[in-house]
Amino acid sequence: MKQKLILITGASSGIGEACAWKFAENGCRLILNARSEDKLTALKEQLVAQHGTDVLLMPCDVRDGEAVSRAIAALPQKWQDIDVLVNNAGLALGTDKEHELDLEEAFTMIDTNVKGLLRMTRLVVPGMVSRGSGHVINIGSIAGDGAYPGGSVYCATKAAVKVLSDGLRIDLYDTPIRVTNVKPGLVETNFSNVRLHGDKARAKKLYTGINPLTGKDIAEVVYFAAAAPAHVQIAEVKVLATHQASAQMVWREQDAN
């Protein structure tokens, strides 16, 4: 995959940052998107220092349609032929029951996880089609397989990611463009801290008693899919920690006591 151009959304932390490191280690050029320009700049400096990576920053919120459209339209010529789009930007907010939730939080999840992904796909994939090559990798979740208490909107957004991935694959079946949906289970990142509004103790408890997945684990899967031979399309991958069976079934060490 030498010198392929990878666009990663939500690249400033967690799975997105881990993907940036994995692709950089393998000689790819990177367009990194996230809301925080400071975090992106720090990451770029590290990638350049360690791997000499060619990096372009695209600081904007995927919810902001005008900003994203301007950023894509303004890409310099050498950065326009995107080989792999990793739609990673996403979040969960709150654990309230659906009839009691904060609607603004619900709309933020929908705007980020669904509309942001769809917007980026719409802006990038036509170029892939015209060039006859490309790969879209969407970061979904096992939450998209079914609802669980306090997660109905988040689960709905990830179910949408699954269906959008499948639909895009169907729409592109007569092209060389590949579409992959990666569905992680319990991954220890800043995800739960954001969902629980900064309650770090409560977030940490979610990972107690189990060896959870890491952002690096998911990045390995993302890269594996991207590095597969051109005739191989890894359509969907569900990735769980060894002691996780579903979104709610997690065996923890204290369960044996």
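The rules behind each value
- Residues numbered from 1 in each chain as written.
- Predicted model: local features only at pLDDT ≥ 70, side-chain atom pairs only at ≥ 80, totals over all residues.
- Heavy atoms only, no water.
- Helix = DSSP H or I, 4+ residues; strand = E, 2+ residues; numbered from the N terminus.
- Rg over C-alpha atoms; globule rule 2.2 N^0.38 Å.
- Buried < 20%, exposed > 50% of the residue type's maximum accessible area, 1.4 Å probe, protein only.
- Pairing = 2+ DSSP bridges.
- Right-handed = clockwise from strand over helix to strand, strands pointing away.

Some details on the overall build of the protein chain
Piece 1. Within the protein chain, the secondary structure is distributed over 8 helices and 7 strands.
Piece 2. Against the globule reference of 18 Å for 257 residues, the protein chain gives a C-alpha radius of gyration of 18 Å, in line with a compact fold.
Piece 3. By its C-alpha atoms, the protein chain is 55 × 40 × 35 Å across when sized along the principal axes.
Piece 4. Out of the 257 residues belonging to the protein chain, those deemed buried represent 48%.

Considerations on the pairing of strand β1 (residues 5-8)
When a strand is regular, its side chains alternate between the sheet's two faces.
Piece 1. Residues Leu 5 and Leu 7 point to one face of β1 and Ile 6 and Ile 8 to the other, with burial holding for every one of them.
Piece 2. By the bridge criterion, 4 bridges tie β1 to strand β2 (residues 29-34) in an arrangement that is parallel. Following the sheet pairing, Leu 5 is matched in β2 by Arg 29.
Piece 3. Taken together, β1, helix α1 (residues 14-25) and β2 constitute a β-α-β crossover, and its handedness is right-handed.
Piece 4. Taken together, the 3 bridges between β1 and strand β4 (residues 84-87) define a ladder with parallel strand orientation. Across the sheet, residue Leu 7 finds its bridge partner in β4, namely Leu 85.

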